[in-house]
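Residue-level structure breakdown
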There are 2 protein chains.
Amino acid sequence: MHSVRFTAQTTTDGVVERDFVVGDVPGVLWSPASGPAHAPLVLMGHGGGQHKKTPALAARARHAATTHGFTVVAIDAPGHGDRPRTADDERVRADFRQAHETGDTARFKDISLRYGIALAERAVPEWRATIDALQALPEIGPDAPVGYGGGITLGTAIGIPLTATEPRIRAAIFGGGFFVHDGQLAAARRITVPVQFLLPWDDEHVDRRSTLALFDAFGSTEKTLHANPGDHRSIRWVGVDDGFLARHLG
Amino acid sequence: MHSVRFTAQTTTDGVVERDFVVGDVPGVLWSPASGPAHAPLVLMGHGGGQHKKTPALAARARHAATTHGFTVVAIDAPGHGDRPRTADDERVRADFRQAHETGDTARFKDISLRYGIALAERAVPEWRATIDALQALPEIGPDAPVGYGGGITLGTAIGIPLTATEPRIRAAIFGGGFFVHDGQLAAARRITVPVQFLLPWDDEHVDRRSTLALFDAFGSTEKTLHANPGDHRSIRWVGVDDGFLARHLG
């Protein structure tokens, strides 16, 4: 098992931000500058093409640390952020750009689906190793409740198979904005923990019905869908219950 | 113009409950036992077959008075609660029961649609006269912000045409649970105030797609859909933003 190796630390506005690596996966941990040990650990996933410190993600992480006292962790997905890109990664990015520029929506969808599946296969074991390593830290420990704190698009495409296979995750925030495939529907059916789901109502790429079918598939007794007007990149947290994770991890 | 005639008053747990009539429409007003004048006025509509003091409605009204300091008003819909039933009302009720018992879903839907339209036509002017009369009370006045505070099923079937035609309503909570018709879609397109919409995900009568189409139709820039598992009668307020009306009427 890899352990956590911290590489940098800053404190801003009462939140400690610590960069780390677990094996060759870089991550970041946000936690209240003062707070009890064993606080809930919340995993946040970034969107496609983004990274662990994308401003919107970092702002939500700092809010969660400040408001709820959570420890929040984000890691770079394969080929994202500070991680090297393979020749395959570069090819997929070029293909994406070309499909987008030529307006080839069928090819865009096909590339997106295949890339999402490949990334999730690599990212799920990385997340599990990260949780293992973080739980070995005395301030987190094996008993800190774990939740998946969202991320739409890629963050959910990875979060769904992760939550379906990782029994330590007790509640999860997901969101739309990606093409749904049968493997995700099957994983959603295996998920029974409480789910909060955010849907950008006007996503220009993804058929709304496929995302509603995904919400329908979750096996959870408690699941809430929140839909707000907004396109693919502009998910709005307006009206969304901010106490969801605190209620289930608290 | 009819004025408000109060007929009874009780105070329980810091909330004053006053029965009244405006013309021949009976209503009830809940308000904090102590609080400033001109507090926001929130209109609540009951479901089909229910009445102005249905326990779930009364509990939400008391919560709104206690938590947000709102004045909350509910009135009996035509043929409901303390109001006389016409021969037509009795016939519709008998038809409903029969269609339900014989499992004639097409007839059930047809009766429901026609009855809902007829009730809304009568109820909308009654609500407007009630607002007029309440605004003539010194403790409410013409400047108290007005919101529609929900009610699924019949409460929304009436609330949508009311909100579309009543410029005093600045924000509205609606919910699913009724058969949607073209007149409602047209009214929804005319509504531009912020909307919070609750959808019981597993309504056994109403096709989910028709309710999603209704949400889609609202002309509002700010509208949030909250969907929770639950059948026709069991709307759950889990995860729903309780600060919605306070934010827009505050």
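In what follows, the accompanying structure is described. (Residues numbered from 1 in each chain as written. Chains lettered and ligands numbered in written order. Predicted model: local features only at pLDDT ≥ 70, side-chain atom pairs only at ≥ 80, totals over all residues. Heavy atoms only, no water.)

**Some remarks on the packing of aromatic side chains**
- Enumeration over the complete set of coordinates arrives at 20 aromatic pairs over all chains.
- A ring pair is formed by Phe96 of chain B and Tyr115 of chain B, whose centres lie 6.1 Å apart and whose planes are at 75°; its orientation type is edge-to-face. With Phe96 of chain B in helix α2 (residues 87-101) and Tyr115 of chain B in helix α3 (residues 105-135), the pair connects residues that are 19 residues apart, well separated along the chain.
- Looking at Tyr115 of chain B, the relative accessible area reads 12%, which means it is buried.
- An aromatic cluster is present here, built from Trp127, Tyr148, Phe174, Phe197, Phe215 and Phe218 of chain A together with Trp201 of chain B joined pairwise through their rings.
- A cation sits over an aromatic face here: Arg208 of chain A above Trp201 of chain A, 3.9 Å from the ring centre. (Phe/Tyr/Trp six-rings, centres within 6.5 Å; stacked < 30°, edge-to-face > 60°. Helix = DSSP H or I, 4+ residues; strand = E, 2+ residues; numbered from the N terminus. Buried < 20%, exposed > 50% of the residue type's maximum accessible area, 1.4 Å probe, protein only. Lys NZ or Arg CZ within 6 Å of the ring centre and 35° of its normal.)

**Quick notes on the relation of the copies chain A and chain B**
- By a simple turn and slide, chain A fits onto chain B: the slide is 0.0 Å along the axis, the RMSD is 0.0 Å, and the turn is 180°. The transformation relating the two chain copies, once decomposed into turn and shift, fits a two-fold axis. Considering only C-alpha atoms, the part of chain A nearest the rotation axis is His226 of chain A, at 2.4 Å.
- In this assembly, 100% of the residues forming the interface of chain A have copies in chain B that are likewise at the interface, indicating an isologous arrangement. (Least-squares fit on C-alpha atoms with pLDDT ≥ 70 in both. Contact = heavy atoms within 4.5 Å.)

**Some words on the interface of chain A and chain B**
- Opposite the 19 residues of chain A that make contact, chain B presents 19 residues.
- Across the chain A to chain B interface the summed buried area is about 1600 Å²; carbon plus sulfur atoms make up 56%.
- Between the two partners, chain A and chain B, sit two salt bridges.
- Between Asp216 of chain A and Arg208 of chain B there is a salt bridge, with its nearest N and O atoms 3.5 Å apart.
- Our count for the contact surface shared by chain A and chain B stands at eight residue pairs in polar contact (both at pLDDT 80 or more).
- Those elements giving two or more residues to the side of chain A that touches chain B turn out to be α6 (208-217) and β9 (223-228) of chain A.
- Considering every element that reaches the side of chain A that touches chain B, the biggest residue donor is β9 of chain A, with six residues.
- Of the residues contributing to the side of chain A that touches chain B, the split by class is seven nonpolar, five polar and seven charged.
- With three bridges connecting them, β9 of chain A and strand β9 (residues 223-228) of chain B associate as antiparallel partners. Following the sheet pairing, Ala227 of chain A is matched in β9 of chain B by Leu225 of chain B. (Buried area = accessible area lost by both parts, 1.4 Å probe. Salt bridge = Lys/Arg side-chain N within 4 Å of Asp/Glu carboxyl O. Polar contact = N/O pair within 3.5 Å; in protein donor to acceptor, adjacent residues only side chain to side chain. Nonpolar A, V, L, I, M, F, W, Y, C, P; charged D, E, K, R; others polar. Pairing = 2+ DSSP bridges.)

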